[in-house]
Amino acid sequence: MSSPCKRREMDLMKLMMSDYKVDMVNDGMQEFYVEFHGPKESPYQGGVWRVRVELPDAYPYKSPSIGFVNKIYHPNVDEMSGSVCLDVINQTWSPMFDLVNVFEVFLPQLLLYPNPSDPLNGEAAALMMRDRPNYDQRVKEYCEKYAKPEHIGAVSEEKSSSDEELSDEEYDSGDEKMVAGTPDP
């Protein structure tokens with residue numbers, strides 16, 4: 001492979017030909033979204049996530065930036081930003097890896113074998129260590145609430161129209177007398 005640009009094109013084409021739904025951002029090949037399905041025989045089975053991928057200029061020598069767009073309950077994924085804590089992507093990336101590895105090996109392994117000792121979501125890590133059946137149930141609830149195929153389109157529209165998200169509790173506990181569009185005091 002003579003240049004990072006050609007490698008980027010080849011890896012992206014390989015990913016698209018591997019039956020992953022890929023949505024490009026603008027015309028460049030540096031930012032795109034991939035539809036990712038939870039691994040079978042796991043609490044994530046049946047879940048569908050929109051994963052944002054950003055390739056640095058030095059790809060494949062530098063790792064891609066990976067983040068879940070719709071919510072996922074996992075010790076190694078930040079619940080608010082969707083950032084992923086995965087050594088193979090963050091520290092031990094090699095140009096021998098490609099985008100198909102990320103979606104066929106690395107992310108499924110992350111979901112199948114969470115590492116609660118290196119959490120981005122402390123609550124999920126604590127629950128997993130304390131009460132695994134309850135943790136698995138919470139994962140399934142998040143899958144039902146945030147990770148169905150119909151949620152993927154809604155998530156992309158929400159993210160583009162709003163920089164700030166409220167949790168369900170914050171949204172539901174809002175003051176009934178507030179009028180939309182009025183400034184905060």
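Predicted, not measured: the structure shown is a model, and the values here were computed from it.

What counts, and at which threshold
Residues numbered from 1 in each chain as written. Predicted model: local features only at pLDDT ≥ 70, side-chain atom pairs only at ≥ 80, totals over all residues. Heavy atoms only, no water. Axes fitted to C-alpha atoms, helices over the stretch in contact; angles between N-to-C directions. Helix = DSSP H or I, 4+ residues; strand = E, 2+ residues; numbered from the N terminus. Parallel < 35°, antiparallel > 145°, perpendicular 65-115°, else oblique. Contact = heavy atoms within 4.5 Å. Nonpolar A, V, L, I, M, F, W, Y, C, P; charged D, E, K, R; others polar. Pairing = 2+ DSSP bridges.

Undergrad: Help me understand the packing of helix α1 (residues 4–17) against helix α3 (residues 99–112) in this model?
TA: Helix-helix packing: each pair is described by the crossing angle between the helix axes and the interaxial distance. The N-to-C vectors of α1 and α3 enclose an angle of 40°; their axes lie 7 Å apart at closest approach. On the basis of their axis angle, the class for α1 and α3 is oblique. Packed against α1, whose contacting residues are Asp11, Leu12, Lys14 and Leu15, the element α3 presents Leu99, Val100 and Phe103 at the interface. Residues that form the contact of α1 with α3 fall into these classes: 5 nonpolar, no polar and 2 charged.

Undergrad: Before we go on, may I ask you to explain the sheet that holds strand β2 (residues 31–37) in this structure?
TA: Consider a sheet: its strands pair through backbone hydrogen bonds, and that pairing is either parallel or antiparallel. With antiparallel pairing, the 4 strands of this open sheet are ordered in space as β1-β2-β3-β4. If you trace the sheet from one side to the other, it starts and ends with β1 (22–24) and β4 (65–68), each paired once. When the angles between neighbouring strand axes are averaged without regard to direction, this sheet yields 25°. With 4 bridges joining them, strand β3 (residues 48–54) and β4 adopt antiparallel strand pairing. For Val53, the partnering residue across the bridge sits in β4 and is Ile66. Along the sheet face, α3 touches β2, β3 and β4 and points at about 50° away from the line of β2.

From the geometry alone we can't say anything about function, so treat these as descriptive.
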